[in-house]
Amino acid sequence: MNDSNHSDAQDFGFVFPCSFPIKAMGPANCGLEAAVLEIIYRHAPETIDPAVSIRPSRGGKWISITVTFNAESRVQLDAIYQDLTAHELVLWAL
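Throughout what follows, the structure given in this document is the object of discussion.

Criteria and thresholds
- Each residue is numbered by its place in its chain's sequence as written, counting from 1.
- A pLDDT threshold of at least 70 governs which residues receive local features in this predicted model, and a stricter bar of 80 or more applies before side-chain atom pairs are shown or counted, although totals over entire chains, interfaces and linings include all residues.
- As a convention, hydrogens and water are excluded, and side-chain values are obtained from all of the structure's heavy atoms.
- Pairing of aromatic side chains here covers Phe, Tyr and the six-membered ring of Trp, requires ring centres within 6.5 Å, and sorts the geometry by plane angle: under 30 degrees stacked, over 60 edge-to-face, intermediate tilted.
- Per-residue accessibility, obtained with a 1.4 Å probe over protein chains only, is compared with the maximum for each type, and a residue is labelled buried under 20%, exposed over 50%, and partly exposed between these values.
- Each helix corresponds to a stretch of at least 4 residues labelled H or I by DSSP, and each strand to a stretch of at least 2 residues labelled E; elements are numbered beginning at the N terminus.
- One less than the residue count of a helix, multiplied by 1.5 Å, gives the span that helix is expected to have.
- Throughout, the arc means the angular range of directions from the helix axis out to the C-beta atoms.

1. With respect to the packing of aromatic side chains
Stage number 1. A complete count under the given rule lists two aromatic pairs for this structure.
Stage number 2. Centre to centre, the rings of F14 and F16 are 6.3 Å apart; their planes meet at 45°, and the pair counts as tilted.
Stage number 3. Relative to F20, the ring of F14 has its centre 5.3 Å away and its plane inclined at 75°; by these criteria the two rings are edge-to-face.
Stage number 4. By relative accessible area, which is 32% here, F14 ends up partly exposed.

Dropping the structure here:
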């Protein structure tokens, strides 16, 4: 039996669904948190109350935002990363 979630797990090293943290970094005080959450909700609308952690840089010019949510597949993660890295406020995403 060929299960697409099983195939994703072999490619990506995860068994889906799973709790997955995504981190994005960008300028502080520019709406980055709202932008990151909007992208995650767009691709994972079933997400309810994700764990969100915000960490400012030492100088306060930048912030990193980590959102942990329930990821359903590698395709979903790829789409989220693509939208995050394309967003004008996101300098990088991990």
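Moving on, there is more to tell.
2. Notes on helix α3 (residues 74-86)
Stage number 1. Taking 1.5 Å per residue, 13 residues should reach 18 Å; α3 reaches 18 Å between its end C-alpha atoms and fits that length.
Stage number 2. For α3, the full list of buried residues reads Q76, L77, I80, Y81 and L84. For α3, the buried positions fall inside an angular range of 130° around the axis, keeping them on one side. Across from the buried face of α3, at angles greater than 90 degrees, the exposed residues are V75, Q82, T85 and A86.

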